[in-house]
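# Secondary and tertiary structure notes
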Amino acid sequence: MGLKDIYEHTRSQVLLMDPLLVITPLAVKIALGAKLKLGFINGSYKISIRDSPLYDQWTRVICMITSWILNSIFKEIVEAFLYSSTARELWCELEERYGESNSPILYQLQRETSSITQGRLMSVIQYYNKLKTLWDELTYLMPMPECVCGSEKAVAEITSFNRLMQFLMALKDIYEHTRSQVLLMDPLLVTTPLAVEIALGAKLKLGFINGSYKISSRDSLFYDQ
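Keep in mind it's a predicted model, so treat the numbers as computed, not measured.

Roughly 480 Å³ of internal volume is contained in the largest pocket. In terms of lining residues, the largest pocket is bounded by 20 residues, among which Thr139, Met142, Met144, Thr159 and Arg163 are the most central. Residue assignment for the lining of the largest pocket shows that the elements contributing at least two residues are helix H6 (103-115), helix H7 (124-141) and helix H8 (152-169). The element contributing the most residues to the lining of the largest pocket is H8, with 7 residues. Classifying every residue of the lining of the largest pocket by side-chain character gives 10 nonpolar, 7 polar and 3 charged.

In this structure, Tyr127, Phe167, Leu168 and Val182 are the most contacted members of the largest nonpolar core, which totals 23 residues. Counting residues per element, the ones that place at least two in this core are H6, H7, H8 and helix H10 (192-210). The leading source of residues in this core is H7, at 8 residues. Excluding its chain neighbours within four sequence positions, the residues that come into contact with Leu168 are Arg179, Val182, Leu183 and Ala195. Core analysis: the next-biggest nonpolar cluster, separate from the first, contains 18 residues, Val28, Val78, Leu90 and Leu94 among them.

Attention now goes to the packing of H8 against helix H9 (residues 176-183). At a minimum axis separation of 10 Å, H8 and H9 run at an interaxial angle of 160°. In terms of orientation, H8 lies roughly antiparallel with respect to H9. Both H8 and H9 take part in a crossing whose hand is left-handed. Two secondary-structure elements touch here, H8 through Leu164, Met165, Leu168 and Met169 and H9 through Arg179, Val182 and Leu183. Considered class by class, the residues forming the contact of H8 with H9 number 6 nonpolar, no polar and 1 charged.

Moving on to the pattern of salt bridges. In total, this model carries 3 salt bridges according to the counting rule given. The salt bridge partner of Lys132 is Asp136, with a shortest N-O separation of 2.9 Å. On the criterion of helical spacing, the pair formed by Lys132 and Asp136 is a turn pair, its members being 4 residues apart in helix H7. Arg179 is paired through a salt bridge with Glu176; the nearest N and O atoms lie 2.7 Å apart. On the criterion of helical spacing, the pair formed by Arg179 and Glu176 is a turn pair, its members being 3 residues apart in helix H9. Residue class for Arg179 comes out buried when judged on its relative accessible area of 11%.

The subject of this paragraph is the environment of Ser123. Residue placement: Ser123 occurs in the loop between H6 and H7. Taking the relative accessible area as the measure of exposure, Ser123 reaches 32% and is therefore partly exposed. Between the alpha carbons of Ser123 and Lys172 there is a distance of 9.6 Å; along the sequence they are 49 residues apart.

Another aspect to go through is H7. Taking 1.5 Å per residue, 18 residues should reach 26 Å; H7 reaches 26 Å between its end C-alpha atoms and fits that length. Taken as a whole, H7 has its buried residues at Val124, Tyr127, Tyr128, Leu131, Leu134, Trp135, Leu138 and Leu141. The arc that holds every buried residue of H7, seen down its axis, measures 165°, which confines them to one face.

What counts, and where the lines are drawn
Residues numbered from 1 in each chain as written. Predicted model: local features only at pLDDT ≥ 70, side-chain atom pairs only at ≥ 80, totals over all residues. Heavy atoms only, no water. 1 Å grid on protein atoms, 1.4 Å probe; cavity = no way out; pocket = protein on both sides within 12 Å on 5 of 7 lines; lining within 4 Å. Points joined across faces, edges and corners; volume = space filled by probe spheres on them. Helix = DSSP H or I, 4+ residues; strand = E, 2+ residues; numbered from the N terminus. Nonpolar A, V, L, I, M, F, W, Y, C, P; charged D, E, K, R; others polar. Core = buried A, V, L, I, M, F, W, Y, C linked by side-chain atoms within 4.5 Å. Buried < 20%, exposed > 50% of the residue type's maximum accessible area, 1.4 Å probe, protein only. Contact = heavy atoms within 4.5 Å. Axes fitted to C-alpha atoms, helices over the stretch in contact; angles between N-to-C directions. Parallel < 35°, antiparallel > 145°, perpendicular 65-115°, else oblique. Left-handed = near helix turned anticlockwise from the far one by under 90°. Salt bridge = Lys/Arg side-chain N within 4 Å of Asp/Glu carboxyl O. Expected span 1.5 Å × (residues − 1). Arc of directions from axis to C-beta.

In structure tokens form, the structure reads like this:
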């Protein structure tokens, strides 16, 4: 085994620690929020006392939520959490054990984001949507800390500019004019969605040059247009 192989093995070993499905917490929170049951895991709902007429209903909901969470965990590790007494206790234990283990998914997202290109088969919209999804996942897993120094706007502008550059760099060569046009604009005024609109406009005009749009006959209602 060469030195390169050793480093690759070490990198894989570190990234594969704590094999929890990392994207699950967001999906669980969305599902519980939609059913108005998020309070059962974040602690905002207090446990009903045994003498309460709602105790049985409370217990039923707790069991249902606990089951949902258990079903979202890898089967290889789920047995370690079967004896949690409440959904809140189960959620806290999961966060304590695996809350910091976002490295595998972050690595994969960063790698995919840095290597993505529009390619031959992707439209501008498909390419942008793919990038936007990756950016949103990265933001969720690694959010910017709250700023009290007044630089939050500057950081947001830098992030927006970097994303715009990334979008432009991987566009097809046929959008070279669009790329040049956007780069000449004020970087504080242009955004990635605006660049998408410009690229789409260029695509429409390109059809008249490359022959993909057929010439309308003189008798057509659209001939003058």
